[in-house]
Amino acid sequence: MNNPAHHDEDEEEQGDVFLDESDIVQEITVDDEDLPDVEGEDNDAENVEEADDSMHIFTGHTEKGELYTVACSPMDARLVATGGGDDKGFIWKIFDGDWAFELGGHKDSVTSLDFSTDGQLLASGSFDGLVKIWDASSGDLKCTLEGPGGGIEWVRWHPRGHLVLAGSEDCTVWMWNADRSTYLNMFSGHANKVTCGNFTPDGKTICTGSDDATLRIWNPRSGENIHVVGGHSYHTDGLTCLAITSDSTLALTGSKDSSVHIVNITTGKPVKWAMLDGTCSHGFKPLTSYKLKEFVLMLSLIILGFVGVLKRARFMITHLLLSRGVVSSLTSHTDSIECIGLSLSSPWAATGGMDNKLIVWDLQHSSPRCTCDNEDGVTCLSWLGNSKYVAAGCADGKIRIWDSLSGDCVRTFSGHSDVIQSIGVSADKNFLVSCSLDGTARVFEIPEFQ
């Protein structure tokens, strides 16, 4: 016979145990935070946070040093310079973690860096009001250029020589001969800090943008202010960035007012857009009003396009129309424009703003070609060589690669933990280098996007 008592004991040892309401002595409320973590939960979170797509990290700047600027040598594909809030710059090499030259001597944040066109010299600009010139190969200080009474906002080199240009918080722009360490000219006229500027690619003109909402066009030899662009038909708030077309005829300017304008550098007027369908925006003349010589030239270029060089033909037509010029603004952003870049292979421009958008524009029609939505503001951008791809550095610490033809995000690079401040592309187009407020510079491989 089976023993019932023995059977009950087995059930208690092997089966589930249930409690009746009468067995409850006291109820205690426990917060979720007081509960122990599920095994492996912390590890999974750490793995997500530690995701890093970079193949090289430069950490030479001090822990408190936010990084503001990065520049890649136009000649040496491995040579990079970075500057930041630790009052220092560094020249370092990709793949060589032990090789670095410290660019010391500044007494405030290093805000701008630029290699000369031949790659021999590096200019560093700082909020201490000084521009220092360095030998790019040895890291030796060549000279210190003085003059501005406020912090340096940007530095740029002449496209054909060792002349360096710098914009300052004190409303002025200065130009020096870096080989001779001599002052050449000072350009005065802006009513607020000069936030952006550059030589035109032919080296014959200087364009500068300011927080006073104007663009000024200068003669670098005489210092003469040739044109002042401003007023109700232009920006209503400070300029933040500019880009100049390769033929030195047009300047694109971005502003805190969320608009982008295109200016004819020769006339100093914003450019109105003639359309290829024979109509014209803003009430300007149709194509039928152009001179016979110009019309024949445009027709010839169109024919050339049908035999295999359409892109080049369209590019030339665009500039012929714009050279007649007088404006349209590119208005699709809803917040401050932070960066502008021009395609090297098509008549397109890319703009990035704090509205989280990267917009690729068809400059022929003054219209968006595609709008690329990011998860945070776009702080910097760069076209990747002659390719169709645009890299966007974002406030969420991500770098996103966009296909300008399809508008698709084809790659997202992770690694930074704070705002991307600046990005650059190596001379061989194989590396994308970024710097961030997290105090690091990172290198990402991009050979597939050439």
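Values in this document were obtained by computation on a predicted structure and should not be read as measured data.

Take the overall build of the chain next. A count of helices and strands for the chain gives three helices and 33 strands. Counting the 450 residues in the chain, one finds 50% classified as buried. When the accessible surface of the chain is totalled, it reaches about 21,700 Å², and 48% of it is carbon and sulfur.

Evaluated as defined, the whole model comprises zero disulfides. With no disulfide of its own, cysteine 394 lies closest to cysteine 380 among cysteine sulfurs, the gap being 7.9 Å.

Spatially, four strands are ordered S2-S3-S4-S5 in an open sheet, and the strand pairing comes out antiparallel. Two strands in the sheet have a free side with no partner beyond their single neighbour: strand S2 (67-72) and strand S5 (96-103). Going across the sheet, the axis of each strand differs from the next one's by a mean of 25 degrees, ignoring polarity. Sheet topology note: the strand S3 (residues 79-84)/strand S4 (residues 89-93) ladder contains five bridges and is antiparallel. When the sheet's bridge partners are listed, threonine 82 is paired in S4 with phenylalanine 90.

Residue position: glutamate 445 is located in strand S33 (residues 441-445). Spatially, the C-alpha atom of glutamate 445 lies 4.8 Å from that of phenylalanine 431, the residues being 14 residues apart in sequence. If we skip the residues at most four places from it in the chain, glutamate 445 touches Met55, Phe413, Asn430 and Phe431.

In this section: unusual backbone geometry. Although it is not a glycine, serine 258 sits at a positive phi angle of roughly 80 degrees. Along the polypeptide, serine 258 turns up in the loop between strand S19 (250-255) and strand S20 (260-264). Even without being a glycine, lysine 429 presents a positive backbone phi close to 65 degrees. Structurally, lysine 429 is set in the loop between strand S31 (420-425) and strand S32 (431-436). Residue lysine 429 is classed as partly exposed on the basis of its relative accessible area of 32%.

Once that is clear, we can look at the confidence of the model for the chain. On average, residues of the chain carry a pLDDT of 84, and 76% of them reach 70 or more. Counted against residues more than four places away or in other chains, residues 1-13, with its pLDDT under 50, gives two contacts.

We now examine the sheet that holds strand S23 (residues 337-342). Taken in spatial order, the four strands line up as S23-S24-S25-S26 in an open sheet, and their pairing is antiparallel. For this open sheet the edge positions go to S23 and strand S26 (367-373), each flanked by a neighbour on one side alone. For this sheet, the mean angle separating the axes of adjacent strands, direction not counted, is 20 degrees. Bridge analysis of strand S25 (residues 357-362) against S26 gives six bridges, and the strand direction is antiparallel. Its bridge partner being in S26, lysine 357 is matched across the sheet by aspartate 373.

Among the six residues in strand S6 (residues 110-115), six count as buried, and that is most of the element. As judged from the five bridges shared by S6 and strand S7 (residues 121-126), these two strands associate in the antiparallel manner. Looking at S7, one finds that serine 112 is bridged to glycine 125.

Looking now at the side chain of arginine 442. With respect to the secondary-structure elements, arginine 442 resides in strand S33. Only 3.4 Å separates the side chain of arginine 442 from the backbone oxygen of glycine 415, close enough to count as a polar contact. Residues contacting arginine 442, with those up to four places away along its chain left out, are Asp52, Ser54, His56, Ile57, Gly415, His416, Leu432, Val433 and Ser434.

Take the nonpolar core next. Taken as a class, soluble globular proteins show a tendency for nonpolar side chains to be buried jointly. Core analysis: the biggest nonpolar cluster contains 15 residues, and Leu252, Ile262, Leu330, Ile340, Leu342 and Leu363 have the highest contact counts within it. When residues of this core are traced back to their parent elements, those giving at least two are strand S18 (239-244), S19, S20, S23 and S25. Beyond its immediate chain neighbours, meaning those up to four positions away, leucine 342 contacts Ala243, Ile244, Thr245, Leu252, Trp348, Ala349, Leu363 and Trp383.

Reading the values: rules and limits
- Residues numbered from 1 in each chain as written.
- Predicted model: local features only at pLDDT ≥ 70, side-chain atom pairs only at ≥ 80, totals over all residues.
- Heavy atoms only, no water.
- Helix = DSSP H or I, 4+ residues; strand = E, 2+ residues; numbered from the N terminus.
- Buried < 20%, exposed > 50% of the residue type's maximum accessible area, 1.4 Å probe, protein only.
- Areas by Shrake-Rupley, 256 points an atom, 1.4 Å probe, with all protein chains shown as cover.
- Disulfide = S-S within 2.5 Å.
- Pairing = 2+ DSSP bridges.
- Axes fitted to C-alpha atoms, helices over the stretch in contact; angles between N-to-C directions.
- Contact = heavy atoms within 4.5 Å.
- pLDDT = per-residue confidence, 0-100.
- Polar contact = N/O pair within 3.5 Å; in protein donor to acceptor, adjacent residues only side chain to side chain.
- Core = buried A, V, L, I, M, F, W, Y, C linked by side-chain atoms within 4.5 Å.

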